[in-house]
Amino acid sequence: MSYLDNIDTDPDFEPPEKKKMKTCVSQDLSMALDRGGISNAKATMIIAATASSLGHPIEELNLSVSTIRRARMKIRKCVANEMKASFSSDDYWVVHWDGKLLPDLTDGGSGQLVDRLPVIISGKVTEQLLGAPKIETGTGASQAEAVYKCLVDWGVQDNVVGMCFDTTSSNTGHKSGACTLVERKLGRPLMNLACRHHVLELVLKAAFEDQFGTSTSPQIPMFEKFRREWHALDHKNITMEQISAQMSNLTQMMQQLMERQDQQQLAINSLSLNQPNVAATPQQNRGTMEDFFKLPDPIKVIPKFDGSRKQLTAWLTTVENTLEILNP
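Residues numbered from 1 in each chain as written. Predicted model: local features only at pLDDT ≥ 70, side-chain atom pairs only at ≥ 80, totals over all residues. Heavy atoms only, no water.

A. Quick peek at the sheet that holds strand β6 (residues 160–165). Strand order in this open sheet of 5 strands is β5-β4-β1-β6-β7, and the pairing throughout is mixed. Unpaired on one side and paired on the other, β5 (127–131) and β7 (191–194) mark the two borders of the sheet. Adjacent strand axes in the sheet meet at a mean angle of 25° when their direction is disregarded. Of the pairings in the sheet, the one linking β6 to β7 comprises 4 bridges and is parallel in character. The residue of β7 that forms the bridge with glycine 162 is methionine 191. Helix-sheet contacts for helix α4 (residues 140–154) involve β1 (93–97), β4 (119–122), β5 and β6, and the interaxial angle to β5 is about 115°. (Pairing = 2+ DSSP bridges. Helix = DSSP H or I, 4+ residues; strand = E, 2+ residues; numbered from the N terminus. Axes fitted to C-alpha atoms, helices over the stretch in contact; angles between N-to-C directions. Contact = heavy atoms within 4.5 Å.)

Here it is in structure tokens:
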């Protein structure tokens, strides 16, 4: 018979007192777990083992994975609200944003990569992370909407005077770029501070292509070899003069290659105009123009150049030998 059956029959019956479980997650503990990247399941095991080692009965603790998760979420929300309440928005700010692909770990996320947009404001002496909202797409409209919501949420939209961004078209487009849309939402023009790193990358790209030709992939073989051999270099004694000398030698070698290529092209044109059909004879072991054009073009394979002078010489020698065979 349960105590519910005795409520009406026994006037002196008192139900058993329900024990109040102790809360075991404080704000300091929750923040420490977050800094360490400890999951809720692992945090439950760690807290249980620690409490047992200190002599606390585990059965008296409100300890479960779901309880730990709810407590940590509540504490994070309280900390965020305290930071917003204590934040002074009187300064003038520059807003920064840059999309990143990160694992989805919130709201039961599967860990798949999602597009998040960290939004930061900076002033004279202060920097503040406003948020890292998840966005559906990386378009300028999605980024502008996320940035504007963060600014309004922290109440700093009226004090923003500039924007810092990378130079992708989704940001810099004059019609639907994020910068244009943010200015439109705020109702005023802002100072545009394009990332100096990205701007100088474009300058460096133009200088590189002027000297070495257009690259066909992000991985430049010459630089890949430099990275592989980096550990073997004498980092203490290397000087800028040595680097400049090596780059000068490489540039000179590439110029010589192009000059020889021009000479070979003139010879090819001469052969094709004067003797379009060069017959091969067993005695001279001659080739044909069709055979010649099957050979690798030294200029076209420059992106595959690995920095070896031996490889470069082999290419040029192959072309020159073929010209000698074709020359009557």
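B. Highlighting the packing of aromatic side chains. Taken as a whole, this structure holds 3 aromatic pairs when the rule is applied. Pairing tryptophan 97 with phenylalanine 165 gives two aromatic rings, centres 6.2 Å apart and planes at 25°, and the pair type is stacked. Of the two residues, tryptophan 97 is situated in strand β1 and phenylalanine 165 in strand β6; the sequence distance between them amounts to 68 residues. For the pair tryptophan 97 and phenylalanine 165, one class covers both residues: buried. Clustering of aromatic rings is evident, with ring pairs tying together Phe87, Trp93 and Trp154. (Phe/Tyr/Trp six-rings, centres within 6.5 Å; stacked < 30°, edge-to-face > 60°. Buried < 20%, exposed > 50% of the residue type's maximum accessible area, 1.4 Å probe, protein only.)

C. Region of the structure containing helix α2 (residues 40–53). Between the first and last C-alpha of α2 there are 20 Å, a value that for 14 residues agrees with the 20 Å anticipated at 1.5 Å per step. Buried residues in α2 make contact with α1 (27–35) and α3 (65–86). Just downstream of α2 lies glycine 55, where phi reads positive at about 90°. (Expected span 1.5 Å × (residues − 1).)

D. Representation of the nonpolar core within the structure. Counting residues in each nonpolar core, the largest one holds 26 residues, and the members touching the most others are Val95 and Trp97. For this core, the elements supplying multiple residues, two or more each, are β1, β4, α4, β6 and α6 (178–186). Counting residues per element, this core draws most heavily on α4, at 6 residues. If sequence neighbours within four positions are ignored, valine 95 has contacts with Val119, Ile120, Ile121, Val147, Leu151, Val160, Gly162, Met163 and Cys164. Counting residues in each nonpolar core, the second largest holds 13 residues, with Val25, Ile47, Ala71 and Val79 among its members. (Core = buried A, V, L, I, M, F, W, Y, C linked by side-chain atoms within 4.5 Å.)

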